[in-house]
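# Geometric and topological summary
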Amino acid sequence: MMKENIYTEINFETLQNNLNEILINAIPVWRKNKSGKLVIIPVNMLEQYIGNSNLSESVFYIEEKWKDRIKIEDKNILQRRESKKDPGIANIPNEDSYLVKRKSFINMSTVERENNYEEIIDLLKNIDTTSSELSSERVTSLIEIIAEGYAISKTSFDEISQEGVNDTNHVQKVAKYTTELVENVLRIIENKKNTNIFMHELHEKSSGSTVDHMNNVFLIYSSFLYYYNSIFKVGRIARIRSEFKSKYKKYYNINFPEINAETLENVFKGGMSEIPEENLLDLSLGAFLHDIGKIDNINYFEGEEEYNRKIIMKHAPMSYNIIIKTREFTSDVALLSALHHEYYGNSAGYGLTKIIFPEKNKKFSAPRYCMSYNIGDLKSGLAIAYVPAKILEVVDVFSALIDKKRKYRPKEFTVEHALEIMQKDFIEDQFKLDPILFNIFVEFVTNHSIIDF
Ligand SMILES: [Fe+2]
Ligand SMILES: [Fe+2]
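Further remarks concern the coordination of the iron ion (ligand 2). Around a metal, the ideal angle is 109.5 degrees if four donors adopt a tetrahedral arrangement and 90 or 180 degrees if six donors adopt an octahedral arrangement. Bound to the iron ion (ligand 2) are the protein donor atoms H213 (NE2), H290 (NE2), D291 (OD) and D396 (OD), situated 2.2 Å from the metal. For the iron ion (ligand 2), the four donor atoms are set out with angles of 82 to 173° between them, so the coordination reads as irregular. Between consecutive donors of the iron ion (ligand 2), the numbers of intervening residues give the motif H-x76-H-D-x104-D. In this structure, the iron ion (ligand 2) is positioned 3.5 Å from the iron ion (ligand 1), and both are ligated by D291. Per residue, the accessibility class of H290 equals that of D291, and both read buried.

Grouped together as the largest cluster of nonpolar side chains are 111 residues, with contacts concentrated most on Y228, Y252, F268, M272, I391, I436 and F441. With residues near it in sequence (within four places) discarded, F441 still touches I220, F224, V394, V395, F398 and L419.

So, on to the coordination of the iron ion (ligand 1). Within the protein, the iron ion (ligand 1) binds to D291 (OD), H315 (NE2), H340 (NE2) and H341 (NE2); these donor distances fall in the range 2.1 to 2.3 Å. The site at the iron ion (ligand 1) holds four donor atoms, and with the angles between them running 78 to 166°, its shape is irregular. Site description for the iron ion (ligand 1): donor spacing in sequence, D-x23-H-x24-H-H.

This brings us to helix α16 (residues 331-338). Counting buried positions along α16 yields six of eight residues, so the element is predominantly enclosed. Three or more residues of α16 are buried, namely V333, A334, L335, L336, S337 and A338. Close packing links the buried residues of α16 with α10 (209-230), α13 (277-288), α15 (309-326), α17 (352-356), β6 (383-386) and α19 (387-401).

Conventions and cut-offs
- Residues numbered from 1 in each chain as written.
- Chains lettered and ligands numbered in written order.
- Predicted model: local features only at pLDDT ≥ 70, side-chain atom pairs only at ≥ 80, totals over all residues.
- Heavy atoms only, no water.
- Donors = N, O, S within 2.8 Å, 3.2 Å for Na, K, Ca; no water.
- Tetrahedral: all angles 85-135°; square planar, octahedral: opposite > 155°, others 65-115°.
- Buried < 20%, exposed > 50% of the residue type's maximum accessible area, 1.4 Å probe, protein only.
- Core = buried A, V, L, I, M, F, W, Y, C linked by side-chain atoms within 4.5 Å.
- Contact = heavy atoms within 4.5 Å.
- Helix = DSSP H or I, 4+ residues; strand = E, 2+ residues; numbered from the N terminus.

Here you go:
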């Protein structure tokens, strides 16, 4: 007969963080079924359990004898941070599940949220900008902090869009902290003096809407990169792989028959992988600067003049030129701005890939992959698109749809409506955004937000 006391309860986070240990040691994991009886979770199902965010509140069990083999998580990141002696960002552990953090913000009171946000800003303020380069460890933590700050502001802003919640004082505080968050991140890169000159000029010329949009894209993009990398730790790729044939294959087969996409490895050159930590901050900054090219025609972009595709299209190469001119970023980062309206070669896209990397210089006559993490593969013609730029497209379109300050339409779209438009208009009707990246983004927004889909 089964004895109750030989089992130890573990939470979702513990299960996530110890997956490797559990798989390597073949530690049996149990759950309770509807009638309360313990049942074992088959090993091949574990990854799917971990990839299922709906189970984040679930309780799991392991036999007592295995307890010492795994690290039991019972505190959230905020409590753990308080216990750190050094408030420097380099020490914040990176293994926390995004979901757990997100949930903790939802359950907090507004005052607790404000205190947490203040703590984040203080952490940023304490970063020593005189030390030469930021280590990759610090950069990852920095991105994590940005993600946290953004998650808090998102939680509060989502709440006010719900009926009956209207704490103006709190919202103003959160908005202030978000501005401080961006300012402090910029302070950390203030050695990029030439970039700051352009940003300063933009601030002077803009009525605020372009700057707001760039700030938003920066916050969403960097948070999303952080989320994107985290999915590789929780077995999410296994689910994408198992869904590939039924859910995604058709899009690539219809739109890029020459690629013959049978597996995920045909879509992502080398398979899906994390974005290297050392690139996260620079890519986020590249995303931040993506529309800086609007600077020369700011009145057009912020005014109510007629649609003029020629003028609009100029901003992407212009952004690229400005970023390159600063000599403070690699060309990969600058290219992010040049390629943020390519839309997989759709006629609505700007077609700059073909101009920057002309056919005649290409080693391969036809692409073999949809996307690559390496810009060199666009140059040689091996891949159609650059993964960080495809991610930026998703973030940029989303940010534009939910933007309150666009004058060419009466009202912004809600988050749910924006995601519906993206799926229908930007994937089904016209193949512009990448469906796999988009679905990961939907998950990110859903987990980020208190809206139930
Ligand atoms: Fe743009
Ligand atoms: Fe934009």
